[in-house]
Protein chains: 2
Amino acid sequence: MAKNLTTRSEDYSKWYNELVIKADLAENSGVRGCMVIKPYGFGIWEKMQAELDRMFKETGHQNAYFPLFIPKSYFSKEASHVDGFAKECAVVTHYRLKNDEDGKGIVVDPEAKLEEELIVRPTSETIIWDTYRKWVQSYRDLPLLINQWANVVRWEMRTRLFLRTAEFLWQEGHTAHATEKEAIAEAEQMMNVYADFVENYMAVPVVKGLKSKSERFAGALETYCIEALMQDGKALQAGTSHFLGQNFAKAFDVKFATKEGKQEYVWATSWGVSTRLMGALIMTHSDDNGLVLPPKLAPDQVVIVPIYRNDEQFNAVGEVAKDMQAKLRAAGIRVKFDNRDTHKPGWKFNEYELKGVPVRIAIGPKDVEKGTVELARRDTLTKEFVNQNEVVEKVTGLMTEIQENLYKKAVDYRTEHTTEVDSYEEFKKVLENKGGFISAHWDGTVETEEQVKNETKATIRCIPIAGEKEAGNCMVTGKPSSQRVLFAKAY
Amino acid sequence: MAKNLTTRSEDYSKWYNELVIKADLAENSGVRGCMVIKPYGFGIWEKMQAELDRMFKETGHQNAYFPLFIPKSYFSKEASHVDGFAKECAVVTHYRLKNDEDGKGIVVDPEAKLEEELIVRPTSETIIWDTYRKWVQSYRDLPLLINQWANVVRWEMRTRLFLRTAEFLWQEGHTAHATEKEAIAEAEQMMNVYADFVENYMAVPVVKGLKSKSERFAGALETYCIEALMQDGKALQAGTSHFLGQNFAKAFDVKFATKEGKQEYVWATSWGVSTRLMGALIMTHSDDNGLVLPPKLAPDQVVIVPIYRNDEQFNAVGEVAKDMQAKLRAAGIRVKFDNRDTHKPGWKFNEYELKGVPVRIAIGPKDVEKGTVELARRDTLTKEFVNQNEVVEKVTGLMTEIQENLYKKAVDYRTEHTTEVDSYEEFKKVLENKGGFISAHWDGTVETEEQVKNETKATIRCIPIAGEKEAGNCMVTGKPSSQRVLFAKAY
């Protein structure tokens, strides 16, 4: 099928950019770095949101909404936080436009200058902790377990659809706890919730780990993360959960009275995933024919395409198709019956392959006669004829089978592309020839991490939590190390 | 019960402001005019969103997401649109902060000035129609039925929680059609969807109508609206749906090839409801004891409060309560069992009355003995004892009964506060003494409308669609009129 899609082996990056646009997921807008998420892409994001939201609620969190704007002064209150975000933020300075004197257009009204500039939130710790000061007085008010679905803005210079955009959509959880232990448990819990979602819904395997100091969130004492591996051997950070200690509580003076009546600072976490997950989903499963979607997140799990030459055939085929659609729907499957007469079956086959619909059912006049349908799997690109009365059972089984197959393929890829190395030479060779995760010993210093990054562009993706202690020597400096860490080039 | 809540008769406006805060719905933030929507308030908004989203999808719409920022030049392309929004918009002029030279704080980096200022969207017609130009080529691409859930910013000088805030949450539908007739049908359909939602879920009766020319949306040829009446006799515009003609298609050059191969401009609609609906919900039903929520939108429809003096009693009561919670949940009711030992029953009664939970069930040791519970209705403030094995049936029935009762009360109030007048004298007297909707003849001119507004603060809320033709004379000028219109003071 000619889809005019660059292949992955030709140019992975170009393949990705083209696929996002051709599969109708998103496109660039007239505003530098800001994307438009198209209905089909947004439909997938909505499915992600719904599952994550359910998981957050099941773990006791509630949603709320905080202002888009953050006064500049709030930003300065937590030192490392402002360093992390000040260099790339959108600043509101005025609140009115007016007609210019020549009457030729509109200009910013210089008289409508704000006393204090407002920053469009790049993340909401500061505005939220300014609010929590009012909400937390006593141990009875804790824990405070809140999540927000919102848009945020980070003025990135180089942007790519879903992966890095000036504005993106995300959720940010912000919790307050009475003890350090509880806050750490929360941060770990949310990393596990993310891993559960990404593995079981997106079918993307992840490594859970801790970030090295220099990769931590601005203001965090510890950043937990989940790291996934894309088909081009580059890693993608799929979610982070931060233990913030008492940094924000101190910056915003949030104290509580303990049961014993003492005043103590509150302990905090924050955690987030974003529309970046769309990038991870696309790059993990898709192929040279287009998008491949796991059934749990596919807006349409099955598409039925009728094949006919005349009205009589259309009526006969349509009857079978509608009946099948109803039966599949009753079994809880999301089915689209594409009976448009403006497009030919071949065009439709192509379209749904490009859009990653997990199962395609084609019904023609011969199928009506024989009581069969042609069923095609998107993940394996295989086809078979199935008796009409077995379709529901078959498709129901395929939903699980395809979901598992995608996950397994991704795990296999990752296994093949995770290499243990013991020397810096070997490290560079593997990175150059094969990519993927490289497991190596590191001396734990920022200097060595920086050196590796400057010389190879690889960074420490995480210190795996499941990693066993193993005495060794740093591949660069030879200094002692007690555990291997994962390096990779990353998105 | 002392709730320290100002009563409605003392000061309606103060009552509203206090109630929003005390019922944990929302509060003001440190950012001028921007509110924080608290978890309880957001829980209600989420229920509204879910129903509306379902209704939009059932009428064929899909969600998408467009940029937060709008280049200033886009704004100028539709003349009346820019006039309507330029005077109250947040303008982004820079994209970076830096440490100031004294090292004392952070300042806007003058070198990071944007070439073109960006407006934080007050509404998205311009950015969306700039995008539609790329999406619409042929009649096959139409209709385009898209909705967006988003935050918008209008730099209002006088703000009030939910009713008028600088930032608010809303949905905005933007559709494109091949013909004028289809676009008008869409605008009317969405007015009807809004009316259905507001009446059947919020239990708030509305009048469907058309806006007079001067009250129309900036850029619309016709604005359909739904108008509700609050308990203080003031009207509240609960939703609007605009027929935009070809104004935006012309401004952004969006043409399509007809079946016959001609190039024509596309016809447009846009429609929206916002967190303002929260204000309408609160002001329609609530009383001097606090919030009153219709069951369909209440985050908790039932709360169970245990009454006990010792552990033994708590165990016995708790067992009945948990069993009842499980049975009510199985019947699809949202039930909270408040077994906190940090608060007394009296405090809890007060709290849930303030928060408008439709039904409260209290269970004490005597109830355990007798097999009863005490059941209290929030809407009527009545109590009764009910046999435990009849609770599910009773509560299920009450969900419908309370929903209907709230709607009926609101309809009755509106009927009592809708007055027909035939002279301007009478108009002023009714407005002064009674308020409410005033139905009167108007000569159809902007001048008369303006005069009434300046002299009485009342505006034309709408020209009712269900209104019958009736020959008469304008109450102000005596000129002929063919239909009565509805006047009121409005939020």
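Residues numbered from 1 in each chain as written. Chains lettered and ligands numbered in written order. Predicted model: local features only at pLDDT ≥ 70, side-chain atom pairs only at ≥ 80, totals over all residues. Heavy atoms only, no water.

For chain A, the name recorded in an unreviewed UniProt entry is Proline--tRNA ligase, with Marixanthomonas spongiae as its organism. Taken verbatim from the UniProt record of chain A, the Function (unreviewed entry) comment is "Catalyzes the attachment of proline to tRNA(Pro) in a two-step reaction: proline is first activated by ATP to form Pro-AMP and then transferred to the acceptor end of tRNA(Pro)." (UniProt positions renumbered as here; feature names shortened; annotations may be inferred.)

Topic: the domain arrangement of chain A
Residues and elements named next belong to chain A. On domain assignment, one finds that chain A holds domain 1 (12–67 + 123–285), domain 2 (300–398) and domain 3 (418–488). Opposite the 17 residues of domain 1 that make contact, domain 3 presents 16 residues. Carbon and sulfur atoms make up 64% of the surface buried where domain 1 meets domain 3, a total of about 1,300 Å² over both sides. The interface formed by domain 1 and domain 3 includes one salt bridge. One salt bridge connects Glu227 with Arg461, and the closest N-O pair in it is separated by 3.0 Å. Inspection of the domain 1/domain 3 interface yields seven residue pairs in polar contact (both at pLDDT 80 or more). When residues of the side of domain 1 that touches domain 3 are assigned to their parent elements, the largest contribution, five residues, is made by strand β12 (residues 222–229). (Domains from an automatic or database assignment. Contact = heavy atoms within 4.5 Å. Buried area = accessible area lost by both parts, 1.4 Å probe. Salt bridge = Lys/Arg side-chain N within 4 Å of Asp/Glu carboxyl O. Polar contact = N/O pair within 3.5 Å; in protein donor to acceptor, adjacent residues only side chain to side chain. Helix = DSSP H or I, 4+ residues; strand = E, 2+ residues; numbered from the N terminus.)

Observations regarding the interface of chain B and chain A
In this complex, chain B contributes 64 residues to the contact, which on the side of chain A involves 64 residues. Summed over both partners, the interface of chain B with chain A comes to about 5,200 Å²; 67% of that surface belongs to carbon and sulfur atoms. One can count four salt bridges joining chain B with chain A. Its salt-bridge partner being B:Glu27, residue A:Lys134 comes within 3.9 Å of it at the nearest N-O pair. Our count for the chain B to chain A interface comes out at 28 residue pairs in polar contact (both at pLDDT 80 or more). Its residues assigned to classes, the side of chain B that touches chain A comprises 38 nonpolar, 12 polar and 14 charged. (Nonpolar A, V, L, I, M, F, W, Y, C, P; charged D, E, K, R; others polar.)

What about the sheet that holds strand β17 (residues 302–306) of chain A?
Residues and elements named next belong to chain A. Strand order across the open sheet formed by five strands is β18-β17-β19-β20-β21, with mixed pairing between neighbours. At either end of the open sheet lies a strand with only one pairing partner, and these are β18 (335–337) and β21 (383–387). Here the strands of the sheet are splayed against their neighbours by 25° on average, with no regard to which way each runs. Bridge count between strand β20 (residues 372–377) and β21: five bridges; the pairing is antiparallel. Within β21, the residue paired with Ala376 across the bridge is Lys383. Its contacts with the sheet place helix α9 (residues 311–330) against β17, β18, β19 (359–363) and β20, and it is angled at close to 165° to β18. (Pairing = 2+ DSSP bridges. Axes fitted to C-alpha atoms, helices over the stretch in contact; angles between N-to-C directions.)

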